[in-house]
Amino acid sequence: MEYSSTREETRAIARGRLAWMFLVVALLVIGTFLLSPPWTVLGKTRLVGYAICHQIPDRSFHIDGHQLPLCARCTGIYLGALIGCAWMLVWGRRRAISMPPVPITIVFVGFIVALGIDGINSYLTFFPGMPHLYEPQNWLRLTTGTLEGLALSAFVFPVLNYSLWRDRIEVPSVRNFKELALLIATAAVVIVLVWLELPPLLYPLAILSTLGVLVMLGSINTMIVLALTRREGSAHTWQQVVLPMTIGLAFAFILIGGMDTVRTILTRAFGLPF
């Protein structure tokens, strides 16, 4: 019995040291991104956007002479996702693992379909003479993107909770139409603020839309890390989720760096316009 206990203690110490090692490496990855050029806030946000967005000027909003780091559609998607996650935290859904009720899910699916229709219509305008349903507008790209971002958060948030927590709660991420209306109302305010292109909002919108990218990528990577290490549904406290979430965020920065590099190589090799 004593030998078995000692062996378990040794394994626990080894696991603790390994966890600290992974945490330090993850923090070094994050720190390297933050402390490397470009040195400006807008430069950093644009670097994140360059990895996941075409950043075509005509399809982006500009504030005070600066183009936002994401196009109109992507700005909406990631601001919408951030809005949804923020409200779910405010509502106390930190361990909620259920999808929204069927009627609300249908609405969210409608948001996703609307983005798909607008996206295809917009894409067709790349080809001169190609028929399309209507003339694309940035405000419409922003609107459909924001609504799709709300849907994205409602579906990803409970799956992340399921991956993280042992003591899960069978509560929907969005319970009723009252909560859905609050999400849409908040999204409408954000849509108007972006559309107005007010100079004081340049940095807040650039930072928040970029944060939405990191939240979504970090969440997905965290779920992958937990699945690969077979640690799904094992956390009891927030301290226990720091490590997988930090590793997930570090992998998000690695992906961003990798996609930036690949895009730069392809752009130079094929002379792409963006």
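Placed above this text is the structure.
What comes next is a walk through the structure.

Parameters and conventions
- Residues numbered from 1 in each chain as written.
- Predicted model: local features only at pLDDT ≥ 70, side-chain atom pairs only at ≥ 80, totals over all residues.
- Heavy atoms only, no water.
- Helix = DSSP H or I, 4+ residues; strand = E, 2+ residues; numbered from the N terminus.
- Expected span 1.5 Å × (residues − 1).
- Buried < 20%, exposed > 50% of the residue type's maximum accessible area, 1.4 Å probe, protein only.
- Contact = heavy atoms within 4.5 Å.
- Salt bridge = Lys/Arg side-chain N within 4 Å of Asp/Glu carboxyl O.

**Some remarks on helix 4 (residues 102–124)**
Now for step 1: Across its 23 residues, helix 4 extends 33 Å between first and last C-alpha, which sits within 8% of the 33 Å expected from 1.5 Å per residue.
Now for step 2: Listed in full, the buried residues belonging to helix 4 are I104, F108, F111, L115, D118, N121 and S122.
Now for step 3: Packing partners of the buried residues in helix 4 comprise helix 3 (72–90), helix 5 (138–164) and helix 6 (177–196).

**Topic: the pattern of salt bridges**
Oppositely charged side chains may form a pair once their charged atoms are brought near each other.
Now for step 1: Considering all chains together, one arrives at four salt bridges under this definition.
Now for step 2: Where D118 meets R73, a salt bridge forms, and the shortest distance between an N and an O atom there is 2.8 Å. Of this pair, D118 sits in helix 4 while R73 sits in helix 3; the two residues are 45 residues apart in sequence, bridging distant segments of the chain.
Now for step 3: With relative accessibility at 2%, the residue D118 sits in the buried group.
Now for step 4: The exposure class of R73 is buried, given its relative accessible area of 12%.
Now for step 5: One salt-bridge network, in which partners are shared between bridges, spans R93, R175 and E179.

**Points about the environment of F270**
Now for step 1: Assignment of secondary structure puts F270 in helix 8 (residues 242–270).
Now for step 2: Through-space distance from the C-alpha of F270 to that of V156 is 36 Å; in sequence the pair is 114 residues apart.

**Some details on unusual backbone geometry**
Now for step 1: A cis amide bond, omega 0 degrees, links P37 with the succeeding residue P38.
Now for step 2: With respect to the element layout, P38 can be found in the loop between helix 1 (2–34) and helix 2 (41–52).
Now for step 3: At E197, a residue that is not glycine, the phi angle is positive and equals roughly 55 degrees.
Now for step 4: Within the secondary structure layout, E197 lies in the loop between helix 6 and helix 7 (202–228).

In short, the description is geometric, and any link to function would need to be established separately.
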